[in-house]
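Residue strings, one per chain:
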Amino acid sequence: MVLATNSDSEEHLHSTFASRYVRALCIRFENRFKMPDNSMPKDAAYQVINDELMLDGNPRLNLASFVTTWMEPECDKLIMDSVNKNYVDMDEYPVTTELQNRCVNMIANLFHAPVGEDEAAIGCGTVGSSEAIMLAGLAFKRKWQQRRRAQGLSTDKPNIVTGANVQVCWEKFARYFEVELKEVKLSEDYYVMDPAKAVGMVDENTICVAAILGSTLTGEFEDVKLLNDLLAQKNAETGWETPIHVDAASGGFIAPFLYPDLEWDFRLPWVKSINVSGHKYGLVYAGVGWIVWRTKEDLPEELVFHINYLGADQPTFTLNFSKGSSQIIAQYYQFIRLGFEGYKNIMENCMDNARRLREGIEMTGKFNILSKDIGVPLVAFCLKDSSKHTVFEIAEHLRKFGWIIPAYTMPADAQHIAVLRVVIREDFSRGLADRLITHIIQVLKEIDGLPSRIAHIAAAASVSGGEAKTAKMSLEDITKYWKRLVEHKRNIVC
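From a predicted model like this one, the values you see are computed outputs, not experimental measurements. (Residues numbered from 1 in each chain as written. Predicted model: local features only at pLDDT ≥ 70, side-chain atom pairs only at ≥ 80, totals over all residues. Heavy atoms only, no water.)

1. Remarks on the environment of I440
Logical step 1: Inspection of the secondary structure assignment puts I440 in helix α12 (residues 430–448).
Logical step 2: On the accessibility criterion, I440 (2% relative accessible area) is buried.
Logical step 3: Sequence separation of I440 and H397 is 43 residues, and the distance between their C-alpha atoms is 9.0 Å.
Logical step 4: Setting aside chain neighbours within four positions, we find I440 in contact with I361, F367, F381 and L398. (Helix = DSSP H or I, 4+ residues; strand = E, 2+ residues; numbered from the N terminus. Buried < 20%, exposed > 50% of the residue type's maximum accessible area, 1.4 Å probe, protein only. Contact = heavy atoms within 4.5 Å.)

Written as structure tokens, this is what we have:
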């Protein structure tokens, strides 16, 4: 009989452990769509999940997102201390309700709502701007229906006018609540809604015109003042009373601090409601938005529900019911911690870092800058020459440095333009801006030395339907190819 040496024993031990580990992994992945039969120790459950989460991207390097990724430790503690509070239990948590009401009044004041000194503003906290927009849209639809019925007119064909650059939540509202979405198409070098074209699309069935203060695509502010003036003229001529909603999800906590003289809010008489995301430049973690109405008359009372089964009469106008209190408390913390001065300083710093990044990108000589000087602190840019390589390749290569930067195509009628966009948040420093510029330059050098994927795509598609194609594909064809590729990679789960 041959005795195993120590090294043999260790190798056998490692092999046995490895095989068991592999088998455990296999079982885990085979059963990942059903609940395990048995429980496991809490530290093991933590480690299993923590190990997998390590493969997520770094939130601070996720420059695709407008959502806040850092808050002060004191606020983190407040969030954890209140994570078990259900906000809807207003009678049990009256202080939390009071903090929400204070936030609504502060935001209404920031947006110049015509509220008296002793009056309460009309608005509420939501789980984000998507819910806020749904609530605003419902209020507009109901007000329009009331006017039409009072005039003996039909109410079966409501529509809403927006630019093609709106966020997908507007499409959701239109589809979910059966409202026709009339989009003002974009054009090259003009990537926001044209107010004149928008007013030209307004008819007797238009429940509102939605303007964007901070386009998702380029960060640009739409001209709400011009829209208001043109709409006022049309309303005077027709008697339709078509109102404006301002989707200030990104820009609502920027414009008051950086551009106080810019008229976009309740200073304009036809602006009836405004939404803003607390979890974007409101500087709160994901999970809070706000909707504010101009006056009490702009929110139909029939949409507000009154309940008493939680201990007292409680008015509620939300799409969901239960939600956490943490983000509302965090929003109030930021308001009293930073004040006007603090928010102004942070937004100015974000704009300074955006300018630094823009200058560095321009210095490469490879890109055209599409974002504007006035707007959300971001840099949107496209390649001057996309005949050999695309922005999708640049985004892919930047991933190896940890950067998450979106590449996307513009909506109709500018879909042939493909863009990279970097969002500058509070936690994006000057040092990170310089580092990103260095990595962009490095990527440009790398892809210049690589064979053109476009030529490969063109060769693969040189024959279609029996007819020969040209060896060189148009930029529009290439963009369509990459768009299909991105769509194919998307996870089907919402």
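Here the narrative resumes, following the displayed structure.
2. Observations regarding the sheet that holds strand β7 (residues 289–293)
Logical step 1: One open sheet holds the 7 strands; their spatial order is β1-β7-β6-β5-β4-β2-β3, and the pairing between them is mixed. Among the strands making up the open sheet, the edge pair consists of β1 (122–126) and β3 (180–184). When strand polarity is set aside, the average angle formed by the axes of neighbouring strands in this sheet is 20 degrees.
Logical step 2: Here strand β2 (residues 159–163) runs beside β3; their pairing, made up of 5 bridges, is parallel. When the sheet's bridge partners are listed, I160 is paired in β3 with L181. (Pairing = 2+ DSSP bridges. Axes fitted to C-alpha atoms, helices over the stretch in contact; angles between N-to-C directions.)

3. Regarding the UniProt feature "modified residue: N6-(pyridoxal phosphate)lysine" (unreviewed entry) in the chain
Logical step 1: Per the UniProt record, the feature "modified residue: N6-(pyridoxal phosphate)lysine" (unreviewed entry) sits at K280.
Logical step 2: Along the polypeptide, K280 turns up in the loop between β6 (271–277) and β7.
Logical step 3: Discounting residues that sit within four places of it in the chain, K280 has contacts with F66, V67, T68, A249 and S250. (UniProt positions renumbered as here; feature names shortened; annotations may be inferred.)

4. Thoughts on the pairing of strand β13 (residues 418–423)
Logical step 1: In terms of burial, β13 is a largely internal element, 6 of the 6 residues being buried.
Logical step 2: Across the two faces of β13 the burial is the same, with A418, L420 and V422 and V419, R421 and V423 all buried.
Logical step 3: Across 3 bridges, strand β12 (residues 407–409) lies against β13 in antiparallel orientation. Across the sheet, residue T409 finds its bridge partner in β13, namely A418.

5. Observations regarding the side chain of K141
Logical step 1: Within the element layout of this structure, K141 appears in helix α5 (residues 129–150).
Logical step 2: Here K141 sits buried without a salt bridge, and the closest side chain of opposite charge, E178, lies 5.2 Å off (N-O distance).
Logical step 3: Beyond its immediate sequence surroundings of up to four residues, K141 is in contact with P158, F177, E178, V179 and I207. (Lys, Arg positive; Asp, Glu negative; His and termini not counted. Salt bridge = Lys/Arg side-chain N within 4 Å of Asp/Glu carboxyl O.)

6. Notes on helix α11 (residues 391–398)
Logical step 1: When you tally the buried positions in α11, you get 7 out of 8 residues, the bulk of the element.
Logical step 2: Of all the positions in α11, only V391, F392, E393, I394, A395, H397 and L398 are classed as buried.

7. Some points on the packing of aromatic side chains
Logical step 1: Taken as a whole, this structure holds 11 aromatic pairs when the rule is applied.
Logical step 2: Consider the rings of F221 and Y259, whose centres lie 5.9 Å apart with planes at 85 degrees: the pair is edge-to-face. You can see F221 sitting in the loop between β4 (206–212) and α8 (224–238) and its partner Y259 sitting in the loop between α9 (255–258) and β6, a full 38 residues away along the chain. For the pair shown, F221 and Y259 are each scored as buried. (Phe/Tyr/Trp six-rings, centres within 6.5 Å; stacked < 30°, edge-to-face > 60°.)

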